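Commentary on secondary and tertiary structure
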Amino acid sequence: MTTHHQHYINGAFVADQNDKWIEVINPATEALLSRVPEGSKHDAAQAIDAAEVAQPDWEALPAVERGNWLRKIAVAIRQREPELTATIVAEGGKTQGLAQTEVLFTADYLEYMAEWARRYDGEIVNSDRPNENIFVFRKAIGVTTGILPWNFPFFLIARKAAPALVTGNTIVIKPSELTPNNAAIFAHIIHEIGLPKGVINFVYGYGPEIGQELAGNPKVGLVSLTGSVNAGIATMEAAAKNVTKVSLELGGKAPAIVMDDADLDLAVKAIVSSRVINTGQVCNCAERVYVQEGIYDRFISALTAAMQQVKFGNPAEQNDIDMGPLITAAALERVEQKVANAVADGGKVVLGGKRAGSKGFYFEPTIITGVRQDMEIMQQEIFGPVLPVMTFRTLDEAIALANDCEYGLTSSIYTQNLNTAMVALRKLKFGETYINRENFEAMQGFHAGWRKSGIGGADGRHGLEEFLQTHVAYLQFS
């Protein structure tokens, strides 16, 4: 019997009134996994109302007590790790190892953010007047909302909820309609541990309906979205009418620059790892590779050998694979079309280049050479296990090529020359640069993009401060 999930609003599981359902499909087998309600703006508004009622009492708790609730959630997550791992594998097509890492990293992240309860602070600023103190308080925004993607669906709950809660905000979350089952388990966890009602709420549905209400409701003080550029634009438009703060992590087209003095084995290993993680469906993945002319042939040979070793299959049945399927049939078709367009425009498929199997949404690990900077495959996100590679002569040329993009999330460079690395750090126009390592951020860093890759960011002190606003007090005394 297929599981039917319910919204979680104001501390209760709530049936949808419309009796409309979204089917959740296993991308590895195309089997039906569950159904979640196709929520309405009314459902989202109810959740926002509940969050608004709960927020003053939640903010009134000492920050350390709010942090302790995050720790309780983390403990419960670890206790249910096998169930959560299996759920993420089934609905997202993620490998078992990566799914387990996501679950445990989520628990770690909750505990990390809980530690900020005693650490985030205000300021005392010197006044120009005698007998006056200027205080800068940092306070909760109020009701926040989180709109989640499908590629790291469980971790993103924590990335948005943990800093919101520890700073005294409440939150309404819309999971992706493609991967909502892990969120349903999270809702049961917070229900079972007794988190005060209305502090976290979950509403299922589609972005044009639920997302628009979460961004456009006047009671919302901050909307945080991780998703596509188009979703970010729609969120900004909805938020604009109330001048609601937005925090957006959008797309990426990460360049990887390989200098002729690079450790070739390290560069190949890191780039392949950064391309096939989650089947290439990660916004900070290495999406395009620039190789200095002197080592191009050796690099392509080594890259081809490494990509040939990449194993893929049904992650629920195989634990020794590097990647699973793409998330949907539409995603598979988009990747297939991008490769076809590249070939039509003069690109050469060195390896892979086509879908695999007749069941599930699999695409072969792929390398494309003979590409040009103006081609679609070098400018637009692929979001699949495809690596386009082209050459450059000088570092300045490589940096110009890397920066020639509407995105600005992550970048990487491989070199053993410190001066080269420092020049690249100064000139690359990206929110993150990885030097001689794979593209994967740390929770204590700051994950933020330039240009169309987003506004604001997440993680660390700076990510926490996204959920705070300032209140300045001028205290004059005699």
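Given the structure is predicted, the values throughout are model-derived calculations rather than measurements.

**Describing unusual backbone geometry**
- Its identity is not glycine, yet Val243 carries a phi of approximately 50°, on the positive side.
- Positionally, Val243 belongs in the loop between helix H8 (229-240) and strand S12 (245-249).
- For Thr279, which is not a glycine, the phi torsion comes out positive at approximately 60°.
- Counting through the fold element by element, Thr279 comes out in the loop between helix H9 (264-276) and strand S14 (286-292).

**What about the pattern of salt bridges?**
- In the structure shown here, the tally under the stated rule is 25 salt bridges.
- In this structure, Asp374 engages Arg372 in a salt bridge whose closest nitrogen and oxygen atoms are separated by 3.1 Å.
- Residue class for Arg372 comes out partly exposed when judged on its relative accessible area of 36%.

**Description of the side chain of Asp459**
- Mapped onto the secondary structure, Asp459 falls in the loop between strand S26 (457-458) and helix H15 (460-465).
- A polar side-chain atom of Asp459 sits 2.7 Å from a polar atom in the side chain of Tyr109.
- Reaching out from Asp459, the side chain makes a polar contact with the side chain of Arg159 at a distance of 2.7 Å.

**Quick word on the environment of Phe440**
- Within the secondary structure, Phe440 is located in the loop between strand S22 (432-435) and strand S23 (447-448).
- Ignoring any residue separated from it by four or fewer positions in sequence, one finds Phe440 in contact with Ile277, Asn284 and Tyr434.

**Considering the UniProt feature "active site" (unreviewed entry) in the chain**
- In the UniProt entry, the feature "active site" (unreviewed entry) is given for Glu249.
- Counting through the fold element by element, Glu249 comes out in strand S12.
- In this structure, Glu249 is in contact with Arg159, Leu225, Thr226, Gly227, Cys283, Leu409, His447 and Ser453, ignoring residues within four places of it in sequence.

**With respect to the packing of aromatic side chains**
- Taken as a whole and assessed by the stated rule, the structure comprises 10 aromatic pairs.
- On the numbers, 6.4 Å between centres and 85° between planes, the contact of Tyr112 with Trp116 is edge-to-face.
- Overall, the relative accessible area of 14% leaves Tyr112 in the buried class.
- Between Trp150 and Phe383, the ring centres sit 5.8 Å apart and the planes meet at 85°, which makes this aromatic pair edge-to-face. With Trp150 in the loop between strand S8 (143-147) and helix H5 (153-166) and Phe383 in the loop between helix H12 (376-379) and strand S19 (386-392), this pair connects stretches of sequence that are 233 residues apart.
- Here the aromatic residues Phe105, Tyr109, Tyr112, Trp116 and Phe155 are joined through ring pairs into a cluster of three or more.
- Above the ring of Trp69, the side-chain terminus of Lys72 is found at 4.0 Å from the ring centroid.
- One Lys or Arg, Lys139, reaches over the ring of Phe137 and ends 5.6 Å from the middle of that ring.

**Observations regarding the nonpolar core**
- Within the largest apolar cluster, 58 residues are counted, with the highest numbers of intra-cluster contacts made by Ile77, Leu165, Phe186, Ile200 and Phe202.
- For this core, the secondary structure elements donating two or more residues are helix H1 (41-60), helix H2 (63-79), helix H3 (81-92), helix H4 (96-114), H5, strand S9 (170-174), helix H6 (181-193) and strand S10 (200-202).
- Take this core: its biggest share by element is 10 residues, from H5.
- Dropping the residues within four chain positions of it, Ile200 is found in contact with Tyr8, Ala161, Leu165, Ile171, Ile173, Phe186, Ile190 and Leu195.
- The next biggest cluster of nonpolar side chains, apart from the first, holds 31 residues, and it includes Trp150, Ile327, Leu332 and Met375.

**Points about the packing of H3 against H6**
- At a minimum axis distance of 8 Å, the contact between H3 and H6 shows a crossing angle of 155°. Of the possible angle classes, the one that applies to H3 and H6 is roughly antiparallel. On H6, the residues that touch Glu83, Leu84, Thr87, Ile88 and Glu91 of H3 are Asn181, Asn182, Ile185 and Ile189.
- Residue composition of the contact of H3 with H6, by class: four nonpolar, three polar and two charged.

Reading the values: the criteria
Residue numbers restart at each chain and count upward from 1, following the sequence in its written direction. At least 70 in pLDDT is required for a residue's local features to be given in this predicted model, at least 80 for side-chain atom pairs to be given and counted, and no such filter applies to totals for whole chains, interfaces and linings, which use all residues. Excluding hydrogens and water, the side-chain values take into account all heavy atoms of the structure. Numbering of helices and strands runs from the N terminus; a helix is a DSSP stretch of H or I covering at least four residues, while a strand is a stretch of E covering at least two. Note on definitions: salt bridges are taken to be side-chain nitrogens of Lys or Arg within 4 Å of carboxyl oxygens of Asp or Glu. When a residue's accessible area, from a 1.4 Å probe over protein chains only, is under 20% of the maximum for its type it is buried; when over 50% it is exposed; and in between it is partly exposed. Contacts described as polar in this section are N or O atom pairs within 3.5 Å, which, within protein, must combine one atom able to donate a hydrogen with one able to accept it, while residues neighboring in sequence count only if both atoms come from side chains. Whether two residues are in contact is decided by their heavy atoms: any pair within 4.5 Å suffices. UniProt positions are given in the numbering used here, feature names are shortened, and annotations may be inferred rather than shown by experiment. To pair, rings of Phe, Tyr and Trp, with the six-membered ring standing in for Trp, must have centres within 6.5 Å; the planes then decide the type, stacked if under 30 degrees apart, edge-to-face if over 60, and tilted in the middle. Comment: the charge-over-ring label is applied if NZ (Lys) or CZ (Arg) is within 6 Å of the ring centre and within 35 degrees of the ring normal. Residues enter a nonpolar core if they are buried and are Ala, Val, Leu, Ile, Met, Phe, Trp, Tyr or Cys, with the set joined through side-chain atoms within 4.5 Å. To obtain an axis, a line is fitted to C-alpha atoms, over the contacting stretch when the element is a helix, and the angle between two such axes runs from 0 to 180 degrees between their N-to-C directions. Geometric relationships in this document are graded by angle, where less than 35 degrees denotes roughly parallel, more than 145 denotes roughly antiparallel, 65 to 115 denotes roughly perpendicular, and other angles denote oblique. Residues are grouped as follows: Ala, Val, Leu, Ile, Met, Phe, Trp, Tyr, Cys and Pro are nonpolar; Asp, Glu, Lys and Arg are charged; every other residue, Gly included, is polar.

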